[in-house]
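A closer look at the structure
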Amino acid sequence: MFAALRKLFGRSPTEPPAQRPLSRAAPRAPRFDEQLVPQLIHDHRELVHVYEQIGLLPERDRWDLLPTQLLAFKSQLEAHLLAENVRFYNYVEYTLRDDEENFNLIRDFRREMNAIARGVIDFVKKYQQPLVTQAERGAFIADYRQVGALLVQRIEREEGSLYPLYQNV
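Residues numbered from 1 in each chain as written. Predicted model: local features only at pLDDT ≥ 70, side-chain atom pairs only at ≥ 80, totals over all residues. Heavy atoms only, no water.

**Topic: the overall build of the protein**
Cut-off, in case you're wondering: Each helix is a run of H or I in the DSSP string that is no shorter than four residues. Each strand is a run of E no shorter than two, and both are numbered from the N terminus. Relative accessibility decides the category of a residue: with a 1.4 Å probe and only protein chains considered, values under 20% of the type maximum give buried, values over 50% give exposed, and everything between is partly exposed. It only takes one pair of heavy atoms within 4.5 Å for two residues to be counted as in contact. Where accessible areas are quoted, they stem from the Shrake-Rupley method and a 1.4 Å probe; at the residue level, only the protein chains shown are allowed to cover.
Across its full length, the protein holds 5 helices and 0 strands. Each helix and strand of the protein, ordered N terminal to C terminal, gives the series α-α-α-α-α. Evaluated residue by residue, the protein yields a buried proportion of 33% over its 169 residues. A sequence separation of at least 24 residues applies to 74% of the contacts in the protein between residues at least 6 apart. When the accessible surface of the protein is split by element, carbon and sulfur atoms take 54% of a total near 11300 Å².

**Some points on the pattern of salt bridges**
The cut-off we apply is this: When a carboxyl oxygen of Asp or Glu lies within 4 Å of a side-chain nitrogen of Lys or Arg, that pair is called a salt bridge.
Following the criterion strictly, the structure yields 12 salt bridges and no others. Between glutamate 112 and arginine 157 there is a salt bridge whose closest N-O contact spans 2.2 Å. Residue glutamate 112 is found in helix α4 (residues 100-126), and its partner arginine 157 is found in helix α5 (residues 134-168); the two are separated by 45 residues along the sequence. Note on glutamate 112: relative accessible area 31%, which makes it partly exposed. One network of salt bridges, with partners in common, ties together Glu84, Arg154 and Glu158.

**Re a negative patch on the surface**
Formally: Here the term patch refers to residues with relative accessible area over 30% and no salt bridge, with like charges joined within 9 Å and nonpolar side chains (Val, Leu, Ile, Met, Phe, Trp, Tyr) within 5 Å. Charge convention: Lys and Arg are scored as positive, Asp and Glu as negative, and His as well as the terminal groups of each chain are ignored. To locate a charge, the coordinates of NZ of Lys, CZ of Arg, CG of Asp or CD of Glu are taken.
Together, Asp98, Asp99, Glu100 and Glu101 make up a region of like negative charge exposed at the surface. Relative to the elements of secondary structure, glutamate 101 occurs in helix α4.

**Structural notes on the packing of helix α2 (residues 36-59) against helix α3 (residues 66-95)**
To keep things clear, this is the line we draw: Here, axes are lines fitted to C-alpha atoms. For helices the fit covers the stretch in contact, and angles between N-to-C directions go from 0 to 180 degrees. Throughout, the term roughly parallel applies to angles under 35 degrees, roughly antiparallel to angles over 145, roughly perpendicular to angles from 65 to 115, and oblique to all others. By definition, any crossing whose near helix is turned counterclockwise from its far helix by less than a right angle is left-handed, and any crossing with a clockwise turn is right-handed. For this scheme, ten residues count as nonpolar: Ala, Val, Leu, Ile, Met, Phe, Trp, Tyr, Cys and Pro. Four count as charged, namely Asp, Glu, Lys and Arg, and the remainder, Gly too, count as polar.
Axis separation between α2 and α3 bottoms out at 10 Å; the angle between their running directions is 165°. Taken together, the axes of α2 and α3 lie roughly antiparallel to each other. Viewed along their axes, α2 and α3 form a crossing whose handedness is left-handed. Contacts between α2 and α3 involve Leu36, Leu40, Asp43, His44, Glu46, Leu47, Val50, Tyr51, Ile54 and Leu57 from the former and Leu66, Gln69, Leu70, Phe73, Gln76, Leu77, His80, Ala83, Glu84, Arg87 and Phe88 from the latter. For the contact of α2 with α3, the residue count by class is 13 nonpolar, 4 polar and 4 charged.

**Remarks on the packing of α4 against α5**
Where α4 meets α5, the axes come as close as 10 Å, and the angle between the chain directions of the two elements is 155°. With respect to their mutual orientation, α4 and α5 come out roughly antiparallel. Crossing geometry of α4 relative to α5 is assigned as left-handed.

**Here we look at the confidence of the model for the protein**
Inclusion rule: Confidence scores per residue from the predictor, reported as pLDDT, run from 0 to 100.
Mean pLDDT over the protein stands at 87; residues scoring 70 or higher make up 84%. By mean pLDDT, helix α1 (residues 2-8) is the weakest element of the protein at 45, and α2 is the strongest at 97.

**Side note on the environment of lysine 125**
Tracing the backbone shows lysine 125 in helix α4. Take lysine 125: its relative accessible area is 53%, and that puts it in the exposed class.

**Looking at the nonpolar core**
A general tendency of soluble globular proteins is for nonpolar side chains to be buried together. Here is the rule: In plain words, nonpolar cores are sets of buried Ala, Val, Leu, Ile, Met, Phe, Trp, Tyr and Cys residues tied together by side-chain atoms within 4.5 Å.
Core analysis: the largest hydrophobic core is formed by 23 residues, its most contacted members being Ile54, Leu66, Leu70, Phe73, Phe123 and Phe140. Elements that contribute at least two residues to this core include exactly α2, α3, α4 and α5. Beyond its immediate stretch of four places on either side in the chain, phenylalanine 140 contacts Ile54, Pro58, Trp63, Leu66, Leu70, Phe123, Tyr127 and Leu131. Core analysis: the next-biggest nonpolar cluster, separate from the first, contains 17 residues, Val37, Phe88, Tyr89 and Phe109 among them.

**Thoughts on unusual backbone geometry**
In the Ramachandran plot, aspartate 61 falls in the positive-phi region, its phi being about 55° despite a non-glycine side chain. Considering the arrangement of structural elements, one finds aspartate 61 in the loop between α2 and α3. Take aspartate 61: its relative accessible area is 53%, and that puts it in the exposed class.

So this is what it looks like as structure tokens:
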């Protein structure tokens, strides 16, 4: 069968495939988008709102809605992180590529922010099963507060220290 395909495409069974040089196009420079930072800040407001709504579920004894709401939050967060990583960080790192000190500072900041994001994602994954015991529910509330503090810390640092760099580089 393969011999017939090779014959059809003009090669004998023993003839190696033609070697084509790999063409590497020069990477495109990321583009500045004046709407990016306002959109990221809007995402933050939406994420905080959704997170606060999740916090109301235990108060309303709606533990059954928790997994669904956490997944919705996680999806929104991942979309935000994707935009941030692809559009924001790539642009700032590209722009600062010749400024080693600031480039490394941005890289460190990115790693730190990604570690916080992983903590939030792990929190969501941890609470995908129904919470039926008081111990499980108490653990959720404690973790919810801790993750909320991390989320607020991340947002404050991004908006106060990081996002202004985008408009000033």
